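A structural walkthrough
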Amino acid sequence: RFVKAGKLSEQAAQQTLQRIRAGTDLQEAVEEADVVIEAVPEDLSLKKDVFQKLDRYTKREAILATNTSELSVTAIASATTKPDKVIGMHWFNPAPVMKLIEIVKGETTSEETVAAVQKLSQEIGKETVVVKDRQGFVTTRAIAAHMIECIRMYEEGVASAEDIDKAVRLGLNYPMGPLELADMVGLDTMLFVSENLTEAYGDRFRAPQILRKLV
């Protein structure tokens, strides 16, 4: 896609692909790594299981980053013997295009780990923000509130789905409408995030009935 758009040469694309190695042996993949970025589904028990294995397989000084968009980094770090090396490194989709990485400092994350991830992010051309380990961080809380309210407006019959998306795109200069975005993210994921945020912050994040019915 980048080659077709003229933003990347064919040679650079081939060089990038040659640096990517796929594998199914987790220990072999991470044992020499300086930084590991986990991106499994948003399930706390699954992530803790992965981090327990990473703790066994990686070097003591390796940084273990989670790409979670809303789960507790501190809870994930508790599955390891080096919680000072565990950090949130929340990327945005599509990762090659989106400039931001939301860095989440857990209660036990060291300042050295934060500085190292900031430096790495800058070296690959990203901008960063550092946030506390609170449910949903900054970006997920903000976009979830927006999307849930727009789903609620559709449920109330304020406007059609198409017109709600059009109003937000053209009136607020968003690149994508909130209902389009909900479809892309996945309504099951939206419901999961809504329930977690409701548990943390109350009814302002409660899922509309139509979201529950569609899931």
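The notes below deal with the structure included here. (Residues numbered from 1 in each chain as written. Predicted model: local features only at pLDDT ≥ 70, side-chain atom pairs only at ≥ 80, totals over all residues. Heavy atoms only, no water.)

**Overview of a negative patch on the surface**
Selection criterion: Each patch is built from residues that are more than 30% exposed by relative accessible area and take part in no salt bridge. Like charges join if they lie within 9 Å; nonpolar side chains (Val, Leu, Ile, Met, Phe, Trp, Tyr) join within 5 Å. Every accessible area reported is derived by Shrake-Rupley at a probe size of 1.4 Å, with residue values counting cover from the shown protein chains alone. The salt bridge definition used is simple: a Lys or Arg side-chain nitrogen within 4 Å of an Asp or Glu carboxyl oxygen. Only four residue types enter the charge count, namely Lys and Arg as positive and Asp and Glu as negative; His and the chain termini do not. Lys charges are placed at NZ, Arg charges at CZ, Asp charges at CG and Glu charges at CD. Helix numbering and strand numbering both begin at the N terminus, where a helix is a DSSP run of H or I of at least 4 residues and a strand a DSSP run of E of at least 2.
A cluster of like negative charges, contributed by D25, E28, E31 and E32, occupies part of the molecular surface. Following the sequence through the fold, D25 ends up in the loop between helix 1 (10-18) and helix 2 (26-30).

**Structural notes on the packing of helix 6 (residues 139-155) against helix 7 (residues 161-171)**
The condition is simple: To obtain each axis, a line is fitted to C-alpha atoms, and for helices this fit is confined to the stretch in contact; angles are then taken between N-to-C directions over 0 to 180 degrees. Oblique is the label for any angle not under 35 degrees, not over 145, and not in the 65 to 115 range, which are roughly parallel, roughly antiparallel and roughly perpendicular in turn. Here a crossing is called left-handed whenever its near helix is offset anticlockwise from the far helix by less than a right angle, and right-handed whenever the offset is clockwise. We call two residues in contact whenever any of their non-hydrogen atoms come within 4.5 Å of each other. Three categories are distinguished: nonpolar for Ala, Val, Leu, Ile, Met, Phe, Trp, Tyr, Cys and Pro, charged for Asp, Glu, Lys and Arg, and polar for the others, with Gly belonging to the last.
One way to put it is that helix 6 packs onto helix 7 with a least axis distance of 9 Å and a crossing angle of 140°. By the criterion of interaxial angle, the relationship of helix 6 to helix 7 is oblique. Crossing hand, helix 6 versus helix 7: right-handed. Of helix 7, the residues touching helix 6 (which contributes H146, C150, M153 and Y154) are A161, I164 and V168. Class assignment of the residues belonging to the contact of helix 6 with helix 7 gives a composition of six nonpolar, one polar and no charged.

**Some thoughts on the sheet that holds strand 4 (residues 100-105)**
Sheets are built from strands paired through backbone hydrogen bonds, the pairs being either parallel or antiparallel. Defined as follows: Only strands that DSSP links by at least two bridges are regarded as paired with each other.
Taking strand neighbours across the sheet as the criterion, the five strands line up as 1-2-3-4-5 in an open arrangement whose pairing is mixed. Of all the strands in the sheet, just strand 1 (35-38) and strand 5 (127-132) have a single pairing partner and so form its edges. Going across the sheet, the axis of each strand differs from the next one's by a mean of 30°, ignoring polarity. Seen against the sheet, helix 3 (residues 44-57) touches strand 1, strand 2 (63-66) and strand 3 (86-90) and runs at an angle of roughly 165° to strand 2.

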